[in-house]
Amino acid sequence: MTKFLLPFAYSLAAATVAIYFLLWLGKGLDRRIVRRFGGPFVIAVFSILVLLNKDLVVTKPIAGILAGGFLILIFGLWDDVKNLSWKWQLLFQVVIAAVAVLFGVRSEYIANPFGGVIGLSNPLIFFILFTLYFLLFMNSLNWFDGIDGLSGSLTVVSLVIIFFLSLMPHVNQPAVAILCSIAAGSIFGFLIFNWHPAKIIAGTSGAWFFGFLLAGLSIFAGAKIATVMMVAFIPVLDLIRVIIERWKAGRSVFSRDDCHLHYWLRKKRLGDNHIALIISAASLLIGILALNLKAEGKLVTIILIGVIYLTYFELWPKKQV
């Protein structure tokens, strides 16, 4: 376990020290700008420690994750400074996802919930499918990054589930487990300063990177999409429901409002820390369930949770949202 625990400890220490130094250095600068640099520091710590790790061979897919992280850092910072329109953001996300897929962060098959696998040998099919998969996770985590500590906490929980998944005999991907350890340590170090009241936030680059990591590592871990989809299902469902609500109201799906789950929980007089803990605990329980279910069980669970969640908010929209 040393090769997994040490990368976590190193990345945790590096992220903690780096962000503390950033906050100390930025005392005389514009606080609104400095506090948005949490994401770039997480990406930098993760990338450096991946490159320095002696147990990791930087294969083409790992290079794809690092390249995607670098592009996220550049485009995310650009958005944080310039506040780009949704069209530019979406274009940049497509570029980031496409680069990762072209580097090899993809699979030639996905599990069939009814038995066997579904082949994805056609390059056009897997390119479109996995690009959309990256976009789904990047936007889900970005839209869910509305209160202190939430998106980071949920990402750490998801990484823990992917870590144990990657060590299961039928997956056996120790490289993915090391990547999860480094990523979890980096984000945990960030969370020390992001917990309410936050001294620093993830910003666009951080939120995009969280979703990008989860999508990339789930593909890298043998295309275990259903398992990771379950543990990150709350932000995915929230994204789907908010899009439906805005579309029904005749608003742009990219408009800003308080329809998100975390804002609804705030209206129930729950504090930010309680909301982050509740949602993270729920995601952890769903993730543990996913680790112990077969493919068809995961599909049934995803459909059941989705129907209950969307129906609940559909039946009582005025009272609950």
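Counting starts from 1 at the beginning of each chain's written sequence and moves along it residue by residue. In keeping with the model being predicted, local features are shown solely for residues with a pLDDT of at least 70 and side-chain atom pairs are shown and tallied solely at 80 or more, while totals for entire chains, interfaces and linings include all residues. To obtain the side-chain values, all non-hydrogen atoms of the structure were used and water was disregarded.

### Observations concerning the confidence of the model for the protein chain
Note the threshold: Every residue is assigned a pLDDT by the predictor, reflecting its confidence on a scale from 0 to 100. The helix and strand labels rest on DSSP assignments: H or I over at least four residues marks a helix, E over at least two residues marks a strand, and numbering proceeds from the N terminus.
Across the protein chain, the average pLDDT comes to 88, with 93% of residues at 70 or higher. Per-residue pLDDT, averaged within each element of the protein chain, yields its smallest value for helix α15 (residues 317–320) (48) and its largest for helix α8 (residues 174–194) (96).

### Regarding a nonpolar patch on the surface
Stated precisely, the cut-off is as follows: Patches draw on residues past 30% relative accessible area with no salt bridge. Two like charges within 9 Å are joined, as are two nonpolar side chains (Val, Leu, Ile, Met, Phe, Trp, Tyr) within 5 Å. Note on areas: Shrake-Rupley, 1.4 Å probe, and residue coverage restricted to the protein chains presented here. In what follows, salt bridge is the name for a side-chain nitrogen of Lys or Arg lying within 4 Å of a carboxyl oxygen of Asp or Glu. For every residue, the accessible area (1.4 Å probe, protein chains only) is compared with the maximum for its type, and the residue is labelled buried under 20%, exposed over 50%, or partly exposed between those bounds.
On the surface, Y20, F21, W24 and L25 cluster together into a nonpolar patch covering about 500 Å² of accessible area. In this fold, W24 is placed in helix α1 (residues 2–25). For W24, a relative accessible area of 48% puts it in the partly exposed group.

### Overview of the pattern of salt bridges
Taken as a whole and assessed by the stated rule, the structure comprises five salt bridges. In this structure, the salt-bridge partner of R241 is D238, at a minimum N-O distance of 3.2 Å. Here the residue R241 and the residue D238 both occupy positions in helix α11 (residues 233–248), the gap between them amounting to three residues, near one helical turn. Overall, the relative accessible area of 2% leaves R241 in the buried class. Classification of D238 by relative accessible area gives buried; the value is 1%. Residue R251 is joined to D257 by a salt bridge in which the shortest nitrogen-to-oxygen separation is 2.8 Å. Since its relative accessible area comes to 36%, R251 is described here as partly exposed.

### Digging into helix α4 (residues 60–82)
Convention followed: By definition here, a helix of n residues has an expected span of 1.5 Å times n minus one.
The terminal C-alpha atoms of α4 lie 32 Å apart, and with 23 residues this matches the ideal 33 Å at 1.5 Å per residue to within 8%. Positioned one or two residues after α4, N83 has a phi angle of 55 degrees, which is positive.

### Details of the environment of I201
The line we're drawing: The contact criterion used throughout is that any non-hydrogen atoms of two residues lie within 4.5 Å.
Note on placement: I201 falls in the loop between α8 and α9 (203–220). Since its relative accessible area comes to 17%, I201 is described here as buried. In this structure, the C-alpha to C-alpha distance between I201 and G38, residues 163 residues apart in sequence, is 5.4 Å. When sequence neighbours within four positions are dropped, the list of residues in contact with I201 reads R35, R36, F37, G38, G39, F190 and N194.

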